[in-house]
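Chain by chain, the residues:
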Amino acid sequence: MGNINITDKAISKIQEVLASQGMKYFRIKVKGGGCSGFQYIFKSDNQLNSEKDIIFNFKNLQILVDKNSIEFIDQAELDYKDELIGSSFSISNPNAKNSCGCGSSFSI
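Note that this is a predicted model, so its numbers are computed, not measured. (Residues numbered from 1 in each chain as written. Predicted model: local features only at pLDDT ≥ 70, side-chain atom pairs only at ≥ 80, totals over all residues. Heavy atoms only, no water.)

Draft legend 1. A look at the pattern of salt bridges. Tallied over the full model, the rule gives six salt bridges. A salt bridge links Glu 16 to Lys 13; its shortest N-O distance comes to 3.1 Å. Taken as a pair, Glu 16 and Lys 13 lie in helix H1 (residues 8-21) at a separation of three residues, close to a single helical turn. Its salt-bridge partner being Asp 66, residue Lys 29 comes within 3.5 Å of it at the nearest N-O pair. A residue pair is termed long-range when its members are at least 10 positions apart, and Lys 29 in strand E2 (residues 25-33) and Asp 66 in strand E5 (residues 61-66) qualify at 37 residues. If you follow the salt bridges from partner to partner, you end up with Arg 27, Asp 45 and Asp 53 in one network. (Salt bridge = Lys/Arg side-chain N within 4 Å of Asp/Glu carboxyl O. Helix = DSSP H or I, 4+ residues; strand = E, 2+ residues; numbered from the N terminus.)

Draft legend 2. Structural detail: the sheet that holds strand E1 (residues 4-6). With respect to topology, three strands assemble into an open sheet ordered E1-E6-E7, the strand pairing being mixed. Only two strands of the sheet have a single partner each, and these edge strands are E1 and strand E7 (86-92). The sheet shows a mean angle of 20° between the axes of neighbouring strands, direction not considered. Inspection of the sheet shows E1 paired to strand E6 (residues 76-83) by three bridges, in the parallel sense. Across the sheet, Ile 4 pairs through a bridge with Ala 76, a residue of E6. Taken strand by strand, H1 contacts E1, E6 and E7, and its axis lies near 75° from that of E6. (Pairing = 2+ DSSP bridges. Axes fitted to C-alpha atoms, helices over the stretch in contact; angles between N-to-C directions. Contact = heavy atoms within 4.5 Å.)

Draft legend 3. Quick peek at the environment of Ser 87. Checked against the element boundaries, Ser 87 lands in strand E7. Judged by relative accessible area, Ser 87 falls into the partly exposed class, the value being 39%. Dropping the residues within four chain positions of it, Ser 87 is found in contact with Tyr 80, Lys 81 and Asp 82. Only 2.5 Å separates the side chain of Ser 87 from the side chain of Asp 82, close enough to count as a polar contact. (Buried < 20%, exposed > 50% of the residue type's maximum accessible area, 1.4 Å probe, protein only. Polar contact = N/O pair within 3.5 Å; in protein donor to acceptor, adjacent residues only side chain to side chain.)

Geometry only, nothing functional implied.
And the structure:
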């Protein structure tokens, strides 16, 4: 099935975002595109597709990853970085052979 890890900092930020938007789930998706071939998509969601989604539970937080995306991010770690140049979610992905400079796309 696959597995992902989420840092405490990312969990806190996701909980904050979901509460402010009145949403239930945080979705991580991989789709074709970006400057390296695949890109990460992060979004709040209220829709669960029980046939296609895998649910990961972290401290009362539900993360959705569709079955097609999990093969690309299996064993990856989601973090939240708050730096001078900006704040964003980032993934450390052991499956990626290359990633772009901004960290939002990768190749396998």
